[in-house]
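Chain and residue survey
Here's the letter readout for the chains.
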Amino acid sequence: MMKNSISASKASLVFFLYQMISALDVPLDSKLLEELSQPPTITQQSPKDYIVDPRENIVIQCEAKGKPPPSFSWTRNGTHFDIDKDEQVTMKPNSGTLVINIMNGGKAEAYEGVYQCTARNERGAAISNNIVIRPSRSPLWTKEKLEPNQVREGDSLVLHCRPPVGLPPPIIFWMDNAFQRLPQSERVSQGLNGDLYFSNVQPEDTREDYICYARFNHTQTIQQKQPISVKVFSMDSLNDTIAANLSDTDIYGAKPVTERPPILLTPTGTTSNKVELRGNVLLLECIAAGLPTPVIRWIKEGGELPANRTFFENFKKTLKIIDVSEADSGNYKCIARNILGSTHHVISVTVKAAPYWITAPRNLVLSPGEDGTLICRANGNPKPSISWLANGVPIAIAPEDPSRKVDGDTIIFSAVQERSSAVYQCNASNEYGYLLANAFVNVLAEPPRILTPANKLYQVILDSPALIDCAYFGSPKPEIEWFKGVKGSILRGNEYVFHDNGTLEIPVAQKDSTGTYTCVARNELGKIQNEVQLEVKDPTMIIKQPEYKVIQRYGHVSFECIIKHDSTLIPTVIWLKDNDELPDDERFLVGKDNLTIMNVTDKDDGTYTCIVNTTLDSVSASAVLTVVAAPPTPAIIYARPNPPFDLELTGQLERSIELSWIPGDENNSPITSFVIEYEDGLHEPGVWHYQTEVPGSQTTVQLKLSPYVNYSFRVIAVNEIGRSQPSEPSEQYLTKSANPDENPSNVQGIGSEPDNLVITWESLKGFQSNGPGLQYKVSWRQKDVDDEWTSVVVANVSKYIVSGTPTFVPYEIKVQALNDLGYAPEPSEVIGHSGEDLPMVAPGNVQVHVINSTLAKVHWDPVPLKSVRGHLQGYKVYYWKVQSLSRRSKRHIEKKILTFRGNKTFGMLPGLEPYSSYKLNVRVVNGKGEGPASPDRVFKTPEGVPSSPSFLKITNPTLDSLTLEWGSPTHPNGVLISYILKFQPINNTHELGPLVEIRIPANESSLILKNLNYSTRYKFYFNAQTSVGSGSQITEEAVTIMDEAMASRQVDIATQGWFIGLMCAVALLILILLIVCFIRRNKGGKYPVKEKEDAHADPEIQPMKEDDGTFGEYSDAEDHKPLKKGSRTPSDRTVKKEDSDDSLVDYGEGVNGQFNEDGSFIGQYSGKKEKEPAEGNESSEAPSPVNAMNSFV
């Protein structure tokens, strides 16, 4: 019987065949994979630098796959390693993995060396990296006599750690005798070398237990340095000591603590050098002494610190740049500053690079007679050298192959044969390391095979696409042809789509598409065919949909859902309420074509959806149900029930008790249930908790109890109207203490920092403790590592932090409750992870496929999970426009970001601008943040159609010509090749005449159209054109001028003498009328002063004074002034000063004016007064005709 799953060897074969560089494709078919030959491929191997635990067996991994299965051999220090002669060494069956037995007498030091594995079969040999085996070392601290450190307050201090040299180097940290980490700050911090630096000491630094610890992770051991004592002398205590030894007459007193400018404790001098390798983390450190404590600042001379890769640690004393590259080389300056001054140090950084791949060689699958190439390109600093091996042997001394030619970093294959199959190794090396890659050349000669089952039935819905498979394989690659029917002709034409994988696509399947389809595959080694069936089904439809309903409470309602479907398909009908399953209620009755709801309540309000599914399609329809209140019945009053009473406790046991009660009045609504609540008077007095709920017909209940709880109970009755008031509490009942019955819930392990594990849990409630003295036993150990549990008992808290963990590794965690009587049951284990750190590497092999002028698809290789160093959240694609290819002008770069969740390896970039150059990079994202960016990838979008011209102006009309001017499109979206101008005349009835089209060169910006009709309106249509096509058009209309004779006749009338005379007569008549109006308005003229005195002999009349708003002396100066419109005498009978003091204000309109002694109007004789601002906006009004005429008198 055929196995359901592909074996490990088949899976490996699939993985590598998918990396080939050839048109020859190998399908994922298990039977086919079992039959194809394949050279060996190394699938798993130990790291190049392999540090092993000297107490455990050494396992050197080497796994390889191939067909036939490969055999394995090893070299040690460059010579053959005969494992049969060493009884401590064994090789795993069907594997090349070595197991060196250290736990039964072997010594790890005896097996130090350089190992290399070879996997070989009849088609070639693959080799592993050189694996350097070294046992880890965790030496003890050398004995030394440590003198106490006595230091004056304010001085600097360095406590040296000097840990033993281990393999790998230990992790250093400072703690006290209580195993608590020593607090660090800007003033006190640990350097990269493990020493503890004090910028200035304070009295609180005095202690005798400064202890440096070195943790050797490989051997899980911690070494402790002898405690260091520090005593700080303060100025006050020093003065007291001096005073005690001097007489009263002596002058004493130590100098007070003096502030000091910064000096660097590390590094020393003003400059230093550092070399770091590409891709590593660059750590630069500056620690300064001074008082006040100096502040550290970092800059890069002549440049900026790289964004998104720069971090400051240890209170900004350490500059950390991740994933460094050659561009990060340069001078980095740290500046230490306080209020007294500053100092600095310059570190010259040089970034070198071990070899890294530009193009790694990939497996090559060819047919006999085909050509191919293997390319191996790497870079580094210094530039690496490239060497080739064939089947593990330097290619210079390997057996000759006439089809092979080596050209530097490329091997060229011509007219290969089956004997050309081999495994080639590319080695790129420089002084900082090497890269080794295996790539096989597999020459296959296979007749065609069709992998799709014979007579397979495909079913599709009418008018939907149909995809009919013809999975195939052969070498050389077969040609595929499709036929319909037994004797049908070959299928061609636009109604079919033929895919490269052999699939036939019918974009819109019709009823006549039903039938038998034959797929034929042929190459030079043979021919094979296969028949499949296609059936086209009618679509499913809802011919009567549910409708909106309004129903009164307690009524019933029905929704219809009548369907029509293909007779060969079996439909299933599902009803949903608010996009969820129907309530589990017998009131809901689902029929064949309807849904009926009986005795409707308010809870039934909502949206009901009918969904019809078949094996091929699905349709749905929805309707809303609104429930309204039924007409009230005035005779009956419904209310909440009265509270129960007479609560009684009986049958008291340690873990149970019986509670009984008497119900209160139900108030015309039957009691549906009773809710029992309890109070814990011992842990939470005054707080009531839900205990249970029983039917309304029950008045007795057996209650489960917890130990160490002082119980009181109360009962609440419930009916359709609501809940009653709670009953009076029952008597109290105190249960005995016991071990905890349960452990904390929601146990989690999530690191908050890269080197810790924060274990949290939900603490037990008070009554869950079952007794006094509640505590928790927290246990943890690293998952998949043979390690013992580490445990600690903590007080009644909900968090514990494990420090010094490796970054993002899984831990098994458990938390167990205990009290004074004992432990809870053994807790279940949960899996947590230590803290995440930023991803280490960028996605590789970023490729961009431009789909059209506004859309592109980007692919990338996923980042290995080990390098993600956290929970993979997805990938971010940063892309930005560099420049438009049509304008060659750069602009402000606005980066756009698209996020693709999960382990997705491709995405679409929409909204691109045509004919533009773009750059992008990809970054992996975990819970900590973004990883480094991949190298920028440049891609260009093709041309598109342009936008409309920016403007179209028509000027200089003449009898038979118009001048057109235009602006180029705002967005050309490509190279303009021409402009298209179309125009046609429009007559008085808006009918359009014949259309004329003109093509204009792209470099023109104006055009004179000649030979047009005079006095004619034209409509113009204008657009630009690229090689892709024409853009949107802009329209405009214009008119040529009329006949010159007609124009002159219309102009001549204005120059005729009779017309000029007529206009003069009209003007004279208007002038006469204005004069007459003025005379009538001002009849009476001027009044002599004497006559005025006779007419007004009233002694009460007194001359007016200037200080009260009236006039005193008069003058005949400025006798005649023009009238001013809008001047009015105020209601208080005073004349306000206007721009001119002597204007005839409203004289002749019956308003009382102001007169002098002789009765004459003051305006005629008053001297000119100092002007005042006009009121309102009257001075801005136009003069009246009367004013105008008065100026002539």
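Up top you'll find the structure we're talking about.
Bear in mind that the values here come from a model prediction, so they are computed numbers and not experimental data.

Considering the state of the cysteines
- Using the criterion set out here, one finds six disulfides in the structure.
- Note that Cys-376 is cross-linked by a disulfide to Cys-426, the S-S spacing being 1.7 Å. With the S-S dihedral at roughly -60 degrees, the linkage between Cys-376 and Cys-426 falls on the left-handed side. Taken together, the residues span a long stretch of sequence, with Cys-376 in the loop between strand 30 (372-375) and strand 31 (377-381) and Cys-426 in strand 36 (residues 422-430) at a distance of 50 residues. An identical accessibility class is assigned to Cys-376 and Cys-426; each is buried.
- Taking only the cysteines that form disulfides and numbering them from first to last, the protein has the pattern 1-2, 3-4, 5-6, 7-8, 9-10, 11-12.

Comments concerning the pattern of salt bridges
- Within this structure, the stated rule accounts for 35 salt bridges.
- Here Asp-585 ties to Arg-587 by a salt bridge, and the two come within 3.1 Å at their closest N and O atoms.
- Look at Asp-585 and you get partly exposed, because its relative accessible area is 27%.
- The exposure class assigned to Arg-587 is buried, which follows from its relative accessible area of 16%.
- Ionic pairing is found between Arg-655 and Asp-741, a salt bridge with its closest N-O pair at 3.0 Å. Taken as a pair, Arg-655 in the loop between strand 57 (645-650) and strand 58 (656-662) and Asp-741 in the loop between strand 63 (733-734) and strand 64 (745-750) lie far apart in primary sequence, 86 residues in all.
- Residue Asp-741 is classed as partly exposed on the basis of its relative accessible area of 41%.
- Through salt bridges with shared partners, one network takes in Asp-176, Arg-207 and Asp-209.

With respect to the nonpolar core
- If you look at the biggest cluster of nonpolar residues, it comprises 29 residues, and the most contacted ones within it are Ile-58, Ile-60, Trp-74, Ile-100 and Tyr-115.
- The element that contributes the greatest number of residues to this core is strand 9 (residues 113-121), accounting for three residues.
- The residues contacting Tyr-115, other than those within four sequence positions of it, are Ile-60, Trp-74, Thr-75, Arg-76, Phe-81, Ile-100, Asn-129, Asn-130, Ile-131 and Ile-133.
- Core analysis: the second largest hydrophobic core is formed by 20 residues, Ile-657, Val-701, Leu-705 and Ala-717 among them.

Let's talk about the sheet that holds strand 45 (residues 515-523)
- Read across the sheet, four strands follow the order 39-46-45-42 without closing on themselves; strand pairing throughout is mixed. Lying at the two open borders of the sheet, with one neighbouring strand each, are strand 39 (457-461) and strand 42 (479-484). Averaged over neighbouring strand pairs, the angle between their axes works out to 25 degrees when direction is ignored.
- Relative to strand 46 (residues 526-537), strand 45 runs antiparallel, the two sharing nine bridges. In the strand pairing of strand 46, Gly-515 is matched with Leu-534.

As for a nonpolar patch on the surface
- On the surface, Leu-1068, Leu-1069, Leu-1071, Ile-1072, Ile-1075, Val-1076 and Ile-1079 cluster together to form a nonpolar patch covering roughly 630 Å² of accessible area.
- Along the polypeptide, Leu-1069 turns up in helix 6 (residues 1057-1081).

The rules behind each value
Residues numbered from 1 in each chain as written. Predicted model: local features only at pLDDT ≥ 70, side-chain atom pairs only at ≥ 80, totals over all residues. Heavy atoms only, no water. Disulfide = S-S within 2.5 Å. Helix = DSSP H or I, 4+ residues; strand = E, 2+ residues; numbered from the N terminus. Buried < 20%, exposed > 50% of the residue type's maximum accessible area, 1.4 Å probe, protein only. Salt bridge = Lys/Arg side-chain N within 4 Å of Asp/Glu carboxyl O. Core = buried A, V, L, I, M, F, W, Y, C linked by side-chain atoms within 4.5 Å. Contact = heavy atoms within 4.5 Å. Pairing = 2+ DSSP bridges. Axes fitted to C-alpha atoms, helices over the stretch in contact; angles between N-to-C directions. Patch = residues over 30% accessible without salt bridge, like charges linked within 9 Å, V, L, I, M, F, W, Y side chains within 5 Å. Areas by Shrake-Rupley, 256 points an atom, 1.4 Å probe, with all protein chains shown as cover.

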